[in-house]
Amino acid sequence: MSESSSVRIERLIRLIADHYGEIPWWPGDTDEVMIGAILTQQTRWENVESALTNLKKKGLCSLDSIFSADIREIEDAIRCTGFYRVKARRLKSLATHVMEMHGGTGGMADKPTGQLRHGLLQVQGIGDETADSILCYGLLRTSFIIDAYTERMVHCIGVPERRGALKSIFEGVLHNDNQTYRQAHAHIVEYGKEFCGKKRCSECILVSSNV
DNA sequence: GACCAGGTCCTTG
DNA sequence: CAAGGACATGGT
């Protein structure tokens, strides 16, 4: 990675942090965040919220209840998030992984972040972004999340690196602290929703501020 | 009706 | 490795 990429990303982070200030992002207990991390794949958050409400009504908003639930029940509750059959399967796989490898969510608390991440990536349907979302927002670890908005945004200011390299750059630039990571990702998504659609990238404070 | 949303997996070139 | 399709509902 070139040094100018780091420097420019550092400026980008500061700019949107100043722009948005402190914002709440992804509340919920560990199980709810883990479930939400799968449900939000390629899906608007509002739809995820209604699915989480549906799951709660059925008593299915925990990994151990999902572990033993009928998959049809899960599908019914999460249909509004789209891809509901694959996602129900993914939730089952995650629940099985957590139960069998850690004996439940609580068993993850004392294990190192790298080990947890490696384990999560073995689960069918959990890739880098979902794993990091679970680690950062569910388990309060310092593992930075790179999503589509992050990639578009940095490309927009002329930083060419792909997701894998970007994770290293962001983690090198940010203060290594869970709260910092949570806020930085929150800012990026907020900014991305506002300015970085697939087609448009105008009215962009990044460009106009010469980042 | 077309297009897209806080991805991931599988198959091809 | 990069690129393209599948997975699916709901909102603009």
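Predicted, not measured: the structure shown is a model, and the values here were computed from it. The numbering scheme is per chain: residues are counted from 1 as the chain's sequence reads. Throughout, the order in which chains and ligands are written sets their labels, letters from A for the former and numbers from 1 for the latter. Only residues with pLDDT of at least 70 get local features here, since the model is predicted, and only at 80 or more are side-chain atom pairs given and counted; chain-wide, interface and lining totals rely on the full set of residues. Each side-chain value is worked out from all heavy atoms of the structure, with water and hydrogens disregarded.

Enquirer: Describe in detail the protein's contact with DNA strand C, supporting the description with residues and values.
Expert: Close to DNA strand C lie Arg44, Asn47, Arg79, Cys80, Gly82, Phe83, Tyr84, Arg85 and Val86, which account for all nearby residues. Throughout, the term near means that a residue has one or more heavy atoms lying within 4 Å of the molecule or strand in question. Taking the atoms of DNA strand C that fall within 4 Å of the protein, sugar and phosphate contribute 51% of them. Here a polar contact is taken to be a pair of N or O atoms separated by no more than 3.5 Å, where protein atoms must pair a possible hydrogen donor with a possible acceptor and residues adjacent in sequence count only if both atoms sit in side chains. Contact between DNA strand C and Arg44: a base nitrogen at 3.4 Å from a side-chain N or O atom of the residue. At 3.0 Å, a backbone N or O of Val86 approaches a phosphate oxygen of DNA strand C. With 3 residues, helix H6 (residues 84-102) is the single largest residue contributor to the surface near DNA strand C. Runs of E in the DSSP output that reach at least two residues are strands. Runs of H or I that reach at least four are helices, and both are numbered from the N terminus.

Enquirer: Can you tell me about the pattern of salt bridges, naming the residues and giving the values?
Expert: For salt bridges, the criterion is a side-chain nitrogen of Lys or Arg within 4 Å of an Asp or Glu carboxyl oxygen. Tallied over the full model, the rule gives 11 salt bridges. Residue Arg79 pairs with Asp76 through a salt bridge whose shortest N-O separation is 3.4 Å. The buried label applies to any residue whose accessible area, calculated with a 1.4 Å probe on protein chains only, is under 20% of its type's maximum; exposed applies above 50%, and partly exposed to all values in between. Taking relative accessible area as the criterion, Arg79 reaches 40% and is therefore assigned partly exposed. Residue classification places Asp76 among the partly exposed residues on the basis of a relative accessible area of 36%. For the salt bridge of Asp128 with Arg117, the shortest nitrogen-to-oxygen distance reads 3.2 Å. On the criterion of sequence distance, the pair formed by Asp128 in helix H8 (residues 128-138) and Arg117 in helix H7 (residues 113-122) is long-range, its members being 11 residues apart. Taking relative accessible area as the criterion, Asp128 reaches 48% and is therefore assigned partly exposed. Through salt bridges with shared partners, a single ionic network connects Arg117, Asp128, Asp132, Lys167 and Glu171.

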